[in-house]
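Notes for the structure review
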Amino acid sequence: MIPIYEQIVNQVKQNIVDGKLKEGDALPSVRGLSKDLKISALTVKKAYDILEADGLCRTVQGKGSFVLGVNPGLVHEQRVVEIQKDLEKVLDKAKSYDLSKEEINALVKATKELEEYQEEESAPEDLAKIPVLRREDISPEIAPVYNTEMEIDSVKTIYHNVETNGIGYVTLMFDLSAVKEEDLPYVGILQSVLGIIDTENYEYGELFNEINIHTGGIGTSLELYADAQKVKEKEFKATFEMKGKSLYPKMDVLFSMMWEILTCSKLDDEKRLKEILAMLKSRLSMSFLSSGHTTAALRALSYTSPLAKFKDDTDGIGFYEVVKEIEENFDDHKEELICRLKAISKQIFCADNMMVSYTSAKEGLAYMENAFAAVSKQLNDADAVQTEAKENRCIIHCKKRNEGFKTSSKVQYVARVGNFIDGGEEYTGALQILKVILSYDYLWQNVRVKGGAYGCMSNFNRIGEGYLISYRDPNLEKTMEIYEGVVDYLENFNVDDRDMNKFIIGTISNIDRPMNPAAKGSRSMNLYMSNVTEEMICREREQILSADQKDIRALAKILKAVLDADQICVIGSEEKIEEQKEMFMEIRTLS
């Protein structure tokens, strides 16, 4: 029998070879894995020590164990072992079928010939014979939008009439426009706390069980909606949202639990607050290693975008820095923390600061109306101070920083961003095709295939924000040079009609994804909150379906505007960032 520590070592090695574990990924904690496997922590520690001795992982005191780069020798060794095992199985099976040596050799030869045929490039004339979907086959019609404005118990409600098989989907939306800029990180903390802290009537474990017994779950989030009709003014709406779902007859329980969390949470529970802050700090820290590309893009956008700055202050690097300071010096900050959480809760959770989004079939509306009316009066009306605060909208201050953040990772997340509308250009649906083209051609070939990064992405939206980002990238300067070359690539863009159709069909497939009832309601509400009309969606779709190479080449000036903004953020290794320190205005350590 193989010792347990060897089984752990072998499993981790196999996951590395299979690509399930990548460089920088965290291994389970010694305590956590020993608890899950019901074994001694010393056994897990022994396994991790062996992995570290083999150069497969590194243990950082106080943070955990992290996967190092893949060892080519290990990969080769594991593959040889796998092939040997597979060959032994095949030979044993052949012998059991009484196949002769000549028959076995014939099978091996036929398999080799098949592999050679599969690897052989197909002639263009043969590829042209394969039937493909044409853009003319794609409907110009957009997905329906389900929005009906109404009032329920004097609260503005947007109802989405969709067949949901007896389930009602509720979102309570609280306006955050009056929250002061310096309080935004505390809004992020409040969002993280609610639902996992004791209330006046339940311990948080009991609350969790009660919710899951009677409903489909309750969760909170902070959402941002850019106003598509006030792009140049950079207008947006920020909301604190509580989402829940239940069967129609359980709507009363759902609303009761929501109100319990909103109005009865014990925000002065110091012990639990400290635990949550520790978990939050750990989650954010690990996200910089696992999804640093989105963090870097958000941070770079925040240099000029109030919306992105709001997001960064409540869920990005700006947020992390506040959480880290409070968690590490909790006794110094706990009184202020509790005071701010209570003040923000009182300020935003008011009846006249709320809007409701509800998705159900027609017969589910009455259940929601009755359940909502039974609890809605429990929210306080705004007092004079809150009314004055609501009239003074939050002003977000942005500053260009072009930062390099040093981490323990050996790979980079390289973001280059900019607002092309600020640069005098306009949004067009052809930009959605460009995302597909860059992902499958220019960025893929140069950043991923030639550059060795694990991934590369781009995005361009209605409010003018554009970005180019790399994921788990061994390069920095080289990747920036590739970004600079995208304008020349577009100016000389040339593909045949078949490939152009592929890019357009790929774009539409991203847009026309199947939606469940909840997604239909959510999409409709997003469009409502963002002031996106059906006419705007139809125009975008028409621009996509009618696009040609000339339209793609015309996007070069939009990409030039993005690059001319010269906004960058890199999260990566100390060595690479120090090598290119002249690239940055600020260099900091992210730990």
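The text that follows walks through the structure, step by step, so that each part is easy to find. (Residues numbered from 1 in each chain as written. Predicted model: local features only at pLDDT ≥ 70, side-chain atom pairs only at ≥ 80, totals over all residues. Heavy atoms only, no water.)

Overview of the environment of leucine 51
Heads up, the rule is: Starting at the N terminus, helices and strands are each numbered in turn, a helix being any DSSP run of H or I of at least four residues and a strand any DSSP run of E of at least two. Under the scheme applied here, a residue whose accessible area is under 20% of the maximum for its type counts as buried, over 50% as exposed, and between as partly exposed, the area being computed with a 1.4 Å probe on protein chains only. Any two residues whose heavy atoms approach within 4.5 Å are treated as being in contact.
Positionally, leucine 51 belongs in helix H3 (residues 41-53). The exposure class of leucine 51 is buried, given its relative accessible area of 0%. As a C-alpha pair, leucine 51 and valine 9 span 42 residues in sequence and 6.5 Å in three-dimensional space. Non-local contacts of leucine 51, meaning those with residues more than four positions away in its chain, are made with Val9, Val12, Lys13, Leu27, Leu56 and Cys57.

Quick word on the sheet that holds strand S3 (residues 148-152)
This is how the line gets drawn: DSSP calls a pair of strands paired once it identifies at least 2 bridges connecting them. Axis lines are fitted to C-alpha atoms, over the contacting stretch for helices. Their N-to-C directions set the angle, which ranges from 0 to 180 degrees.
The 6 strands are arranged S3-S4-S8-S5-S7-S6 in an open sheet whose pairing can be described as mixed. A strand with exactly one partner marks an edge of an open sheet, and here the two such strands are S3 and strand S6 (218-226). Taken pair by pair, the neighbouring strands of this sheet meet at an average axis angle of 30°, ignoring direction. Lying over the sheet, helix H7 (residues 184-193) contacts S6 and strand S7 (236-247), oriented at roughly 150° with respect to S6. On top of the sheet, helix H12 (residues 306-315) reaches S6 and S7; it is set at about 155° to S6, its chief contact.

Some details on the pattern of salt bridges
Quick note on the threshold: In the sections that follow, a salt bridge refers to a side-chain nitrogen of Lys or Arg positioned within 4 Å of a carboxyl oxygen of Asp or Glu.
This structure, assessed with the given rule, holds 32 salt bridges. Across the pair glutamate 270 and lysine 334 runs a salt bridge whose closest N-O atoms are separated by 3.3 Å. Taken together, the positions of glutamate 270 in helix H10 (residues 270-290) and lysine 334 in helix H14 (residues 330-348) put the pair 64 residues apart, joining distant regions of the chain. When its relative accessible area of 34% is taken as the criterion, glutamate 270 is described as partly exposed. The salt bridge partner of aspartate 312 is arginine 299, with a shortest N-O separation of 2.7 Å. Residue aspartate 312 is located in helix H12, and its partner arginine 299 is located in helix H11 (residues 292-301); the two are separated by 13 residues in the primary sequence. Connected through salt bridges with shared partners, the residues Arg299, Asp312, Glu321, Glu403 and Arg588 form a single ionic network.

As for the pairing of strand S9 (residues 403-407)
Taken across its 5 residues, S9 has 5 buried, putting it largely inside the fold. Here S9 shows no split at all, with Glu403, Phe405 and Thr407 on one side and Gly404 and Lys406 on the other all buried. Summarising the sheet, S9 and strand S13 (residues 567-573) pair through 5 bridges and their orientation is parallel. Following the sheet pairing, glycine 404 is matched in S13 by valine 570. Two elements, S9 and strand S14 (residues 586-589), share 4 bridges in a ladder whose sense is parallel. By the bridge assignment for S14, lysine 406 is matched with threonine 589.

With respect to the sheet that holds strand S10 (residues 413-419)
Judged by pairing direction, the sheet is mixed, and its 6 strands sit side by side in the order S11-S12-S10-S13-S9-S14 without closing on themselves. Strand pairing shows two members of the sheet lacking a second neighbour, strand S11 (455-460) and S14, which therefore form its edges. For this sheet, the mean angle separating the axes of adjacent strands, direction not counted, is 10°. On top of the sheet, H11 reaches S9, S10, S11, strand S12 (465-471), S13 and S14; it is set at about 145° to S13, its chief contact. Against the sheet, helix H19 (residues 477-484) touches S10, S12 and S13, its axis set at about 30° to S10.

Details of a negative patch on the surface
Convention followed: Only residues whose relative accessible area exceeds 30% and that take part in no salt bridge are eligible for patches, with like-charged residues grouped when within 9 Å of each other and nonpolar side chains (Val, Leu, Ile, Met, Phe, Trp, Tyr) grouped when within 5 Å. For the accessible areas, the method is Shrake-Rupley and the probe is 1.4 Å, while residue cover comes only from the protein chains on display. Charged-residue counts in this description rest on Lys and Arg as positive and Asp and Glu as negative, His and the chain ends being excluded. Where a charge sits is defined by one atom per residue type, namely NZ (Lys), CZ (Arg), CG (Asp) or CD (Glu).
Together, Glu477, Glu481, Glu575, Glu579 and Glu582 line one region of the surface with negative charge. Mapped onto the negative patch, the elements with two or more residues apiece are H19 and helix H26 (574-579). Positionally, glutamate 579 belongs in helix H26.

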